[in-house]
Amino acid sequence: MKTTLTRGLMNVLPMALSLWLFWSLFVSLDELGVLLLELIGQPRLFVGEGFLLVIALVFAAGLLFSVSPILWLWGKIERALMRFPLFKSVYGSIRDIASLMNRDGKPKDQQVVLVKQANGGFVVGFIMTDKAPAPLADALGEGDWVPVLFQLSYQMAGVTTLVRREDLIPVNWSFEEAMRFNLTAGLSKS
C-alpha cells in the first residue's frame, strides 16, 4: 500500500505542481491585463483576454526594442537608474539571469567541467565566462583563472569559485543536462 501510494505521488505530484504553476502564471497575467483594460474603461469580454493583452504588449515591446532610437533611449534610462546602488544590484542580477535564459538562438557556451577535490572526489561545475574579471585576476597573480559555478541542489543558488584552467577536466555534456543533474542532486535520468 505504501509503495503504491508513493508511486502515485511521485508520478502525479510533479505534473500537478507544474500545471498549478503555469495556471497561476496565466491567472496572474490575465488579472494584470484585465486591470489594464479596466483602466481604459474596457469591459471584460472573455476569460483570457487580459493574458492575451499582456502577451501582445510584451510582443510589441520586443518589436520596439528592435528599433535603434528605442534602444538608445532605453540605454540612457538604464544608465541613469544604474547610478543607484540598490537598483543596480537588483536590476543587474535580474538582467543577467534573463540574459542566461535568452541567447537569441545562440548555443550556450558554458563549458561543463569537473574539478578534483582534496578527498579525491569530483564536483561538477560550469565555466561561465572565459576570463576572470581583471581585478580578481590581478589579485590572484599567475595562472589562467576562470570563474566556475558550482550549482547547489534543489535551489537556484550556487557558488562561484575561481579555478585555474589547468585544474579543470572538460566534460562533453550539455549545459542543460548537467544543470538538471546538479539541481536534482544527481537524481535526474539524463
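Residues numbered from 1 in each chain as written. Predicted model: local features only at pLDDT ≥ 70, side-chain atom pairs only at ≥ 80, totals over all residues. Heavy atoms only, no water.

Per an unreviewed UniProt entry, the recorded name for the chain is DUF502 domain-containing protein, and the organism is Shewanella jiangmenensis.

## Some thoughts on the UniProt feature "transmembrane region" (unreviewed entry) in the chain
The criterion, for reference: UniProt positions are given in the numbering used here, feature names are shortened, and annotations may be inferred rather than shown by experiment. Note on conventions: DSSP H or I runs of at least 4 residues are helices, E runs of at least 2 residues are strands, and numbering of each starts at the N terminus.
UniProt tags residues 12–30 and 50–74 as "transmembrane region" (unreviewed entry). Counted over residues 50–74, helix gives 88% and strand 0%. Its end C-alpha atoms are 26 Å apart.

## Considering a nonpolar patch on the surface
Threshold: Without a salt bridge and with relative accessible area above 30%, a residue can belong to a patch; like charges are then joined within 9 Å and nonpolar side chains (Val, Leu, Ile, Met, Phe, Trp, Tyr) within 5 Å. Areas reported as accessible are Shrake-Rupley estimates using a 1.4 Å probe. Residue values count occlusion only from the protein chains shown. Any carboxyl oxygen of Asp or Glu that lies within 4 Å of a side-chain nitrogen of Lys or Arg is treated as forming a salt bridge with it.
A cluster of nonpolar side chains, contributed by Leu64, Phe65, Val67, Ile70, Leu71, Trp72, Leu73, Trp74, Ile77, Leu81, Phe84 and Phe87, occupies part of the molecular surface with about 1,100 Å² of accessible area. When residues in the nonpolar patch are grouped by element, the largest group, seven residues, is from helix α3 (residues 68–81). Mapped onto the secondary structure, Phe84 falls in the loop between α3 and α4 (85–101).

## Quick look at the environment of Val113
Just so we agree on the cut-off: Per-residue accessibility, obtained with a 1.4 Å probe over protein chains only, is compared with the maximum for each type, and a residue is labelled buried under 20%, exposed over 50%, and partly exposed between these values. By the convention used here, residues are in contact when the closest approach between their heavy atoms is within 4.5 Å.
By the secondary structure assignment, Val113 is in strand β1 (residues 111–116). Of the residues examined, Val113 reaches a relative accessible area of 1% and is grouped as buried. Note: C-alpha distance between Val113 and Gly75 (38 residues apart in sequence) is 35 Å. In contact with Val113, other than residues within four places in its own chain, are Val123, Val124, Gly125, Phe126, Ile127, Val148, Leu168, Ile169, Pro170 and Val171.

## Some details on the environment of Val34
On the secondary structure map, Val34 appears in helix α1 (residues 2–39). Looking at Val34, the relative accessible area reads 10%, which means it is buried. Sequence separation of Val34 and Val47 is 13 residues, and the distance between their C-alpha atoms is 9.4 Å. When neighbours within four sequence positions are excluded, Val34 is seen to be in contact with Arg44 and Gly50.

## A word on the pairing of strand β3 (residues 145–151)
For the record, the criterion: Strands were regarded as paired on the criterion that DSSP finds at least two bridges between them.
With seven of seven residues buried, β3 is to be regarded as a mostly interior element. Burial along β3 is two-sided: Trp145, Pro147, Leu149 and Gln151 facing one way and Val146, Val148 and Phe150 facing the other are all buried. As paired elements, strand β2 (residues 122–127) and β3 share two bridges and run antiparallel to each other. Pairing of Phe126 across the sheet is with Leu149, part of β3. With seven bridges connecting them, β3 and strand β4 (residues 158–164) associate as antiparallel partners. Looking at the pairing, Phe150 lines up with Val159 of β4.

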